[in-house]
Amino acid sequence: MTLSSTVLGLVLGVVLTLAVQRQRAKRSSPSPGSPKFSAGAINTPQLLAWIDDATQGWLILAPDLTIAYINARAERLLSISRNLLVRGLPIQQVLAIPQLDEVITSTRYQQRPLRSEWDQRGEPLEALVLPGSDEWLLVLVQSRQSLEAQQQQQERWVSDVAHELKTPLTALMLVSDRLELAVDDGDAVLVQRLQRELRRLQLMVEDLLELSRLENSLPQASGTYSALSLSDLVEGAWSSIRPLAETRQVELRFDESEPGPLMGDRPRLHRAVLNLLDNALRYSPDGAVVEVVIRPSGGWWMLSIRDHGQGLSESDLGNMFNRFYRGDPSRARSARSGSGLGLAIVQQIAVNHGGRVEARNHPGGGTCVELLLPKSMPIP
């Protein structure tokens, strides 16, 4: 924390005294071999832009203790409405936090960094107050919760919301089924559309729950592992979507020369392979093939699944494994819509098995997604 304070103090000095330095500093020739650096080379707007993007809350106080600058993170942590214009106002008029007032006063008189802690609407916060030139002050605010605790809280929230949504969605599906029997032909189309959207929401809730369970499970939880082969997973997953593939005359071309034996969580790896094959089917033209190859790659088994669609843009390649990301809809050759979580689930399953998943455009056309998993002893 000492190093962090020192670095931030240097940054503060540049930000708050840049104008003063320009007026007071006398230019002198640098000595031979000295580093050539000018404070004017870093402009104030650039520094303030960095402050705006900082993960800590930044609050800069003028000598009269009015708020000279505040970033969005500080506004959120200190529960200051972004609609309230606080710049230029005395800090005591904006915030009523005795612990913070005390440490600000002490820092001004002692001219050394001081720290304070308090609870803000149930969230534990801490502030580091740093003295600057000409009685300027920098207040750095951050949560005392660990990153792990914040992540666990977010995951619990997602899980709780998903559970709460299951019951009303089930009730709405029952109502829509009754409506389908009661309405005339003119309204039947609307009811069918309602049912499709409700099914999509149900799928999204189920996928959110699964993703939450995956994120809360320990990586490589070997207690649930069993001996399996990637070739069996591919055959089983394709059997699940074969009826959909046959309606569009899409075939599987599977090189079974390598079985790909390993230890893993069979249900979840089945889910990962199923999601990848379904994604390839979704973007394959009618009458095309989905190519699947298993091959060794150092200490890994690589499962490669290639479609023969239009390929991916750079934006899609960089974001396709993010939650709820949807690429260019013109690429999809199927009217089916997913939850937007399928590839995020694949990525988390791969991570939990000590592997990873990657995507690239194939030189011969289409998209190639590669699932890499650690090798294990051959199945007896």
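A few points on the structure. (Residues numbered from 1 in each chain as written. Predicted model: local features only at pLDDT ≥ 70, side-chain atom pairs only at ≥ 80, totals over all residues. Heavy atoms only, no water.)

1. A word on the pairing of strand 10 (residues 300-306)
Filter applied, for reference: Working definition: with a 1.4 Å probe on protein chains only, accessible area under 20% of the residue-type maximum means buried, over 50% means exposed, and in between means partly exposed. Numbering of helices and strands runs from the N terminus, with a helix taken as a DSSP run of H or I at least four residues long and a strand as a DSSP run of E at least two residues long. Pairs of strands are assigned from DSSP output, requiring at least two bridges between the strands.
Most of strand 10 is tucked away, with 6 of its 7 residues classed as buried. Pairing geometry for strand 9 (residues 289-297) and strand 10, over 7 bridges, is antiparallel. Across the sheet, residue Ser297 finds its bridge partner in strand 10, namely Trp300. Between strand 9 and strand 10, which pair antiparallel and follow one another directly, the connecting turn spans 2 residues, one of which, Gly298, has a positive phi of 65°. Examined bridge by bridge, strand 10 and strand 12 (residues 367-374) share 7 bridges and lie antiparallel to one another.

2. Overview of empty space enclosed by the protein
Quick reminder of the rule: Detection works on a 1 Å grid of protein atoms alone, calling trapped sets that fit a 1.4 Å probe cavities and calling open sets with protein on both sides within 12 Å along at least five of seven lines pockets, with lining residues defined by an atom within 4 Å of a point. Grid points are joined across faces, edges and corners, and a volume is the space filled by probe spheres set on the points. Only Asp, Glu, Lys and Arg are considered charged, only Ala, Val, Leu, Ile, Met, Phe, Trp, Tyr, Cys and Pro nonpolar, and every remaining residue, Gly among them, polar.
Summed over all chains, the structure comprises 2 cavities of 30 Å³ or more. Space inside the second largest cavity adds up to approximately 40 Å³. Surrounding the second largest cavity, Leu276, Asn279, Ala280, Ile305, Asp307, Thr367 and Val369 form its lining. At the level of elements, helix 9 (266-282) and strand 12 are the ones that each hand at least two residues to the lining of the second largest cavity. In terms of residue count, the dominant contributor to the lining of the second largest cavity is helix 9 (3 residues). Classifying every residue of the lining of the second largest cavity by side-chain character gives 4 nonpolar, 2 polar and 1 charged.

3. Things to note about the pairing of strand 5 (residues 137-143)
Burial runs high along strand 5: 6 of the 7 residues are buried. Both strand 1 (residues 57-61) and strand 5 contribute to a ladder of 5 bridges, which runs antiparallel. The partner of Leu61 across the bridge, within strand 5, is Leu137. Where strand 4 (residues 123-131) folds back on strand 5, the antiparallel hairpin that results is connected by 5 residues, among which Asp134 adopts a positive phi of roughly 55°.

4. Description of a nonpolar patch on the surface
Rules: Note that patches include only residues with greater than 30% relative accessible area and no salt bridge, and the join distances are 9 Å for like charges and 5 Å for nonpolar side chains (Val, Leu, Ile, Met, Phe, Trp, Tyr). The method behind every accessible area is Shrake-Rupley, applied with a 1.4 Å probe, and residues are considered shielded solely by the protein chains displayed. Only one rule defines a salt bridge in this text: a Lys or Arg side-chain nitrogen within 4 Å of an Asp or Glu carboxyl oxygen.
Together, Val175, Leu179 and Leu194 make up an exposed nonpolar region whose accessible area comes to about 230 Å². Leu194 sits in the partly exposed class, given a relative accessible area of 37%.

5. Focus: the pattern of salt bridges
Side chains carrying opposite charge are able to pair once their charged atoms draw close together. Enumeration according to the criterion identifies 11 salt bridges in this entry. The closest approach of N and O atoms between Asp278 and Arg282, which form a salt bridge, is 2.8 Å. Within this pair, Asp278 and its partner Arg282 are both found in helix 9, separated by 4 residues, close to a single helical turn. Like Asp278, the residue Arg282 is buried in the burial classification. Across the pair Glu291 and Arg306 runs a salt bridge, and its minimum N-O distance is 3.8 Å. With Glu291 in strand 9 and Arg306 in strand 10, this residue pair connects regions lying 15 residues apart in the sequence.

6. Some words on the packing of helix 8 (residues 230-247) against helix 9
Test applied: For every element, the axis is a line fit to its C-alpha atoms; helices are fit only across the contacting stretch, and the angle between N-to-C directions ranges from 0 to 180 degrees. Orientation categories follow fixed angle ranges, with anything under 35 degrees roughly parallel, anything over 145 roughly antiparallel, 65 to 115 roughly perpendicular, and all other angles oblique. In this scheme the crossing of two helices becomes right-handed for a clockwise turn of the near helix relative to the far one and left-handed for an anticlockwise turn of less than a right angle. Note on definitions: a residue-residue contact is assigned when non-hydrogen atoms from the two residues lie within 4.5 Å.
Running from amino to carboxyl end, helix 8 crosses helix 9 at an angle of 40°, the nearest separation of the two axes being 9 Å. When the interaxial angle is binned, helix 8 and helix 9 end up oblique. As helix 8 packs across helix 9, the resulting crossing turns out to be right-handed. The residues of helix 9 that touch helix 8, namely those facing Leu233, Val234, Gly236, Ala237, Trp238, Ser240, Ile241, Leu244 and Ala245, are Arg266, Leu269, His270, Val273, Leu274, Leu277, Asp278 and Leu281. Of the residues contributing to the contact of helix 8 with helix 9, the split by class is 12 nonpolar, 3 polar and 2 charged.

7. Topic: unusual backbone geometry
Positive phi, close to 65°, is recorded for Leu65, a residue that is not glycine. One can find Leu65 in the loop between strand 1 and strand 2 (67-70). At Ser79, a residue that is not glycine, the phi angle is positive and equals roughly 60°. Residue position: Ser79 is located in the loop between helix 3 (72-77) and helix 4 (91-94). A relative accessible area of 32% places Ser79 in the partly exposed class.

8. Considering the sheet that holds strand 10
Across the sheet, which stays open at both edges, the 5 strands sit in the order 7-9-10-12-11 with mixed pairing between neighbours. The sheet is open, and its two edges are formed by strand 7 (251-255) and strand 11 (356-361), each paired on a single side. Across the sheet, the axes of successive neighbouring strands diverge by a mean angle of 20°, strand direction being ignored. Sheet topology note: the strand 11/strand 12 ladder contains 6 bridges and is antiparallel. Each residue of the ladder has a partner; that of Asn361, found in strand 12, is Thr367. Sheet strands touched by helix 11 (residues 342-352): strand 11 and strand 12. Its angle to strand 11, the strand with the most contacts, is close to 130°.

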